[in-house]
Amino acid sequence: MMSETSYYLTLTELTQSVRVTTDTVITIVDCGIVQPRGEQPQQWLFEPQMVKLIQRACRLQRDLELDWPAVALALDLIEDLHKLREENQRLRRQLAILMELDTSL
């Protein structure tokens, strides 16, 4: 049985890692882009994968000059697109198997 080691970043560690201001991270959290553990910013703990998500959010905001609610919407739509593509690939594989079975009968 493998034990998982959980590691979380504090707000300070996150801002240093992503090179963004505390206000930017607070705005990102307020828009629901990430949901850290903890009630107040000084108590927040961020999972490591949130770093990439915040980097992606900042890149969208900067490159496309979007406001933060638009960034949140864009990230949701990108996530939905990824899920739909994965489901489409799974269904295509199942269809191919069914078609092979049908032709072999």
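Our structure is the block above this text.
Residues numbered from 1 in each chain as written. Predicted model: local features only at pLDDT ≥ 70, side-chain atom pairs only at ≥ 80, totals over all residues. Heavy atoms only, no water.

A. Layout of the nonpolar core. Ranked by size, the top nonpolar core spans 23 residues in total, and within it V25, I33, V34 and F46 carry the most contacts. Elements with a contribution of two residues or more to this core: α1 (11-18), α2 (22-30), α3 (49-63) and α4 (68-104). With 6 residues, the top contributor of residues to this core is α3. Excluding its chain neighbours within four sequence positions, the residues that come into contact with V34 are I28, V29, F46, M50, L53 and I54. (Core = buried A, V, L, I, M, F, W, Y, C linked by side-chain atoms within 4.5 Å. Buried < 20%, exposed > 50% of the residue type's maximum accessible area, 1.4 Å probe, protein only. Helix = DSSP H or I, 4+ residues; strand = E, 2+ residues; numbered from the N terminus. Contact = heavy atoms within 4.5 Å.)

B. Molecular detail of α2. Looking at α2, one finds that the buried residues are V25, I28 and V29. On an axial view of α2, the arc spanned by its buried residues comes to 100°, and they lie on one face. Exposed residues lying more than 90 degrees from the buried face of α2 are D23 and D30. Elements that come into contact with the buried residues of α2 comprise α1, β2 (45-46), α3 and α4. In the stretch just after α2, G32 is the one whose phi turns positive, near 80°. (Arc of directions from axis to C-beta.)

C. Geometry of a negative patch on the surface. Residues D76, E79, D80 and E86 make up a contiguous surface patch of negative charge. Note that D80 resides in helix α4. Of the residues examined, D80 reaches a relative accessible area of 40% and is grouped as partly exposed. (Patch = residues over 30% accessible without salt bridge, like charges linked within 9 Å, V, L, I, M, F, W, Y side chains within 5 Å. Areas by Shrake-Rupley, 256 points an atom, 1.4 Å probe, with all protein chains shown as cover. Salt bridge = Lys/Arg side-chain N within 4 Å of Asp/Glu carboxyl O. Lys, Arg positive; Asp, Glu negative; His and termini not counted. Charge placed at Lys NZ, Arg CZ, Asp CG, Glu CD.)

D. Region of the structure containing the environment of M50. By the element assignment, M50 lies in helix α3. The buried category is assigned to M50, whose relative accessible area is 10%. Distance from M50 to Y8, taken between C-alpha atoms, is 9.7 Å for residues 42 residues apart in sequence. Every residue in contact with M50, bar those within four places of it in the chain, is listed here: V34, Q35 and P36.

E. Inspection of the state of the cysteines at higher detail. If you walk through the whole model with that rule in mind, you get 0 disulfides. Between C31, a free cysteine, and C58, which holds the nearest cysteine sulfur, the sulfur-to-sulfur gap is 11 Å. (Disulfide = S-S within 2.5 Å.)

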